[in-house]
Amino acid sequence: MDKPHTYHTDEDVLMNLQRSLDLMNRATRILGSGEKNLQMYVISLVDVAARLTQQSTNALDLGEQTGNEHEVCNG
């Protein structure tokens, strides 16, 4: 079984991930709507979502500390 980890970050990882999910949801809605004039924005939305997700991943990688609990501390 994996050891539990504690993460200490200076970034708001959960907020970044929520924003990323929201952007991906908006991109999906645009694609599903069939509005050709809005589809040009999908690539930008996905790029920003990818950047936010990568920032969160990097923050968690740098802030990983072996501990007794699963938690994220934003400092």
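Check the entry above for the structure.
My aim in this report is to walk through the structure given alongside it, one point at a time. (Residues numbered from 1 in each chain as written. Predicted model: local features only at pLDDT ≥ 70, side-chain atom pairs only at ≥ 80, totals over all residues. Heavy atoms only, no water.)

### Considering the overall build of the protein chain
Part 1 of the argument: Each helix and strand in the protein chain was counted, giving 2 helices and 3 strands.
Part 2 of the argument: Helices and strands appear in the protein chain in the N-to-C order β-α-α-β-β.
Part 3 of the argument: In the protein chain, once contacts between residues fewer than 6 apart in sequence are set aside, the share between residues at least 24 apart is 81%.
Part 4 of the argument: Carbon together with sulfur atoms contributes 53% to the accessible area of the protein chain, which is approximately 5700 Å² in total. (Helix = DSSP H or I, 4+ residues; strand = E, 2+ residues; numbered from the N terminus. Contact = heavy atoms within 4.5 Å. Areas by Shrake-Rupley, 256 points an atom, 1.4 Å probe, with all protein chains shown as cover.)

### Examining the nonpolar core
Part 1 of the argument: Grouped together as the largest cluster of nonpolar side chains are 7 residues: Leu-23, Ala-27, Ile-30, Val-42, Leu-45, Ala-49 and Leu-52.
Part 2 of the argument: Listing elements by their share of this core, those giving two or more residues are α1 (13-33) and α2 (42-63).
Part 3 of the argument: In terms of residues, this core owes the most to one element, α2, which gives 4 residues.
Part 4 of the argument: In this structure, Leu-23 is in contact with Leu-45, Val-48, Ala-49 and Leu-52, ignoring residues within four places of it in sequence. (Core = buried A, V, L, I, M, F, W, Y, C linked by side-chain atoms within 4.5 Å. Buried < 20%, exposed > 50% of the residue type's maximum accessible area, 1.4 Å probe, protein only.)

### Describing the side chain of Ser-56
Part 1 of the argument: The residue Ser-56 is located in helix α2 in this model.
Part 2 of the argument: In this structure Ser-56 touches Val-13, Asn-16 and Leu-17, once residues within four positions along its chain are discounted.

### A word on the packing of α1 against α2
Part 1 of the argument: Direction vectors running N to C along α1 and α2 enclose 160 degrees, while the axes themselves pass 8 Å from each other. If you check the angle between α1 and α2, you find them roughly antiparallel. The element α1 and its partner α2 pack so that their crossing is left-handed. Judged by residue contacts, Val-13, Asn-16, Leu-17, Arg-19, Ser-20, Leu-23, Met-24, Arg-26, Ala-27, Ile-30 and Leu-31 of α1 engage Val-42, Leu-45, Val-46, Val-48, Ala-49, Leu-52, Thr-53, Gln-55, Ser-56, Ala-59 and Leu-60 from α2.
Part 2 of the argument: When the residues that make up the contact of α1 with α2 are grouped by side-chain class, the tally is 15 nonpolar, 5 polar and 2 charged. (Axes fitted to C-alpha atoms, helices over the stretch in contact; angles between N-to-C directions. Parallel < 35°, antiparallel > 145°, perpendicular 65-115°, else oblique. Left-handed = near helix turned anticlockwise from the far one by under 90°. Nonpolar A, V, L, I, M, F, W, Y, C, P; charged D, E, K, R; others polar.)

### Overview of a nonpolar patch on the surface
Part 1 of the argument: Side chains of Leu-38, Met-40 and Tyr-41 sit close together on the surface and give an oily, nonpolar patch of about 310 Å² of accessible area.
Part 2 of the argument: Inspection of the secondary structure assignment puts Tyr-41 in the loop between α1 and α2. (Patch = residues over 30% accessible without salt bridge, like charges linked within 9 Å, V, L, I, M, F, W, Y side chains within 5 Å. Salt bridge = Lys/Arg side-chain N within 4 Å of Asp/Glu carboxyl O.)

### With respect to the environment of Thr-9
Part 1 of the argument: Its location among the elements puts Thr-9 in strand β1 (residues 5-9).
Part 2 of the argument: A C-alpha to C-alpha distance of 5.9 Å links Thr-9 and Ala-59, two positions 50 residues apart in sequence.
Part 3 of the argument: Among the polar contacts listed, one links the side chain of Thr-9 to the backbone oxygen of Glu-11, at a separation of 2.9 Å. (Polar contact = N/O pair within 3.5 Å; in protein donor to acceptor, adjacent residues only side chain to side chain.)

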